[in-house]
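Per-entry structural report
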Amino acid sequence: LFLSASALAHKGATGIVKERMDNFKASQMALKQIFAASKRNDFEAIVPLANQIKNWAEIMPTKFPTGSDGPPSEAAPAIWTDFEGFKLAAKENFEAASLLEITAVNGDAKATARAIKQLAGTCKSCHQSYRSN
C-alpha cells in the first residue's frame with residue numbers, strides 16, 4: 001500500500017518522459033551503489049556504474065524535446081528556457097562520471113573519493129536548476 005515518491009511520480013508517465021525518469025532513477029541507484037562500493041574500496045564495481053551514468057549523461061539532452069514538459073514530468077521550465085545551460089550541466093555530469101571511471105580503473109582511493117563527490121555535486125546542481133520537485 002505504500003508507494004515511494006518516485007513511484008508516484010512515474011505513475012502515468014509514458015514515452016520519452018518515462019524513459020528519462022527511468023534513466024534518472026537508474027543513475028540515482030548507480031550513485032548509491034558507487035558510494036557503497038567506495039566504502040569497500042571495490043573499484044572494480046565502480047567502473048561500470050560510472051560508465052552507466054556517463055552514458056546517460058551523454059544522451060540526456062536528447063531526451064527533452066519541446067513539448068515533453070507536462071505532467072507527470074518533473075522537468076523545470078528552465079530546461080527549455082536555458083537549454084544551453086542544461087546541456088552544459090549534462091556535460092559536466094558526463095565529465096565527472098568519466099573522471100570517476102578513470103580514477104576507479106587506476107585504483108586511486110583518494111582521487112576516486114574526490115571524483116565521487118564531484119559527480120554527486122553535478123547531480124545536485126542540475127536538480128537545483130532543472131528539476132521542479
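Data block above holds the structure.
How each quantity is defined
- Residues numbered from 1 in each chain as written.
- Predicted model: local features only at pLDDT ≥ 70, side-chain atom pairs only at ≥ 80, totals over all residues.
- Heavy atoms only, no water.
- Helix = DSSP H or I, 4+ residues; strand = E, 2+ residues; numbered from the N terminus.
- Contact = heavy atoms within 4.5 Å.
- Expected span 1.5 Å × (residues − 1).
- Buried < 20%, exposed > 50% of the residue type's maximum accessible area, 1.4 Å probe, protein only.
- Arc of directions from axis to C-beta.
- Axes fitted to C-alpha atoms, helices over the stretch in contact; angles between N-to-C directions.
- Parallel < 35°, antiparallel > 145°, perpendicular 65-115°, else oblique.
- Left-handed = near helix turned anticlockwise from the far one by under 90°.

Details of the side chain of asparagine 93
Mapped onto the elements, asparagine 93 comes out in helix α5 (residues 83-106). Beyond its immediate stretch of four places on either side in the chain, asparagine 93 contacts Ile53, Ala57, Met60, Leu119, Thr122 and Cys123.

A short note on helix α3 (residues 43-59)
For α3, spanning 17 residues, the distance from its first C-alpha to its last is 25 Å, which sits close to the expected 24 Å at 1.5 Å a residue. Buried within α3 we find Phe43, Ile46, Leu49, Ala50, Ile53, Lys54, Trp56 and Ala57. For α3, the angular spread of buried residues about the axis comes to 165 degrees, placing them on one side. In α3, the exposed positions angled more than 90 degrees off the buried face are occupied by Glu44 and Glu58.

Thoughts on unusual backbone geometry
Cis rather than trans, the peptide bond between proline 71 and proline 72 has omega equal to 10 degrees. Counting through the fold element by element, proline 72 comes out in the loop between α3 and α4 (78-81). With a phi angle near 55 degrees, asparagine 41 is a residue other than glycine that sits in the positive phi range. As for its placement among the helices and strands, asparagine 41 is situated in the loop between α2 (15-39) and α3. The partly exposed category is assigned to asparagine 41, whose relative accessible area is 46%.

A word on the packing of α2 against α3
Running from N to C, α2 and α3 point in directions that differ by 155 degrees, and their axes come no closer than 9 Å. Compared by their axis directions, α2 and α3 come out roughly antiparallel. Crossing hand, α2 versus α3: left-handed. On α3, the residues that touch Arg20, Asn23, Phe24, Ala26, Ser27, Ala30, Leu31, Gln33, Ile34, Ala37 and Ser38 of α2 are Ala45, Ile46, Leu49, Ala50, Gln52, Ile53 and Trp56.

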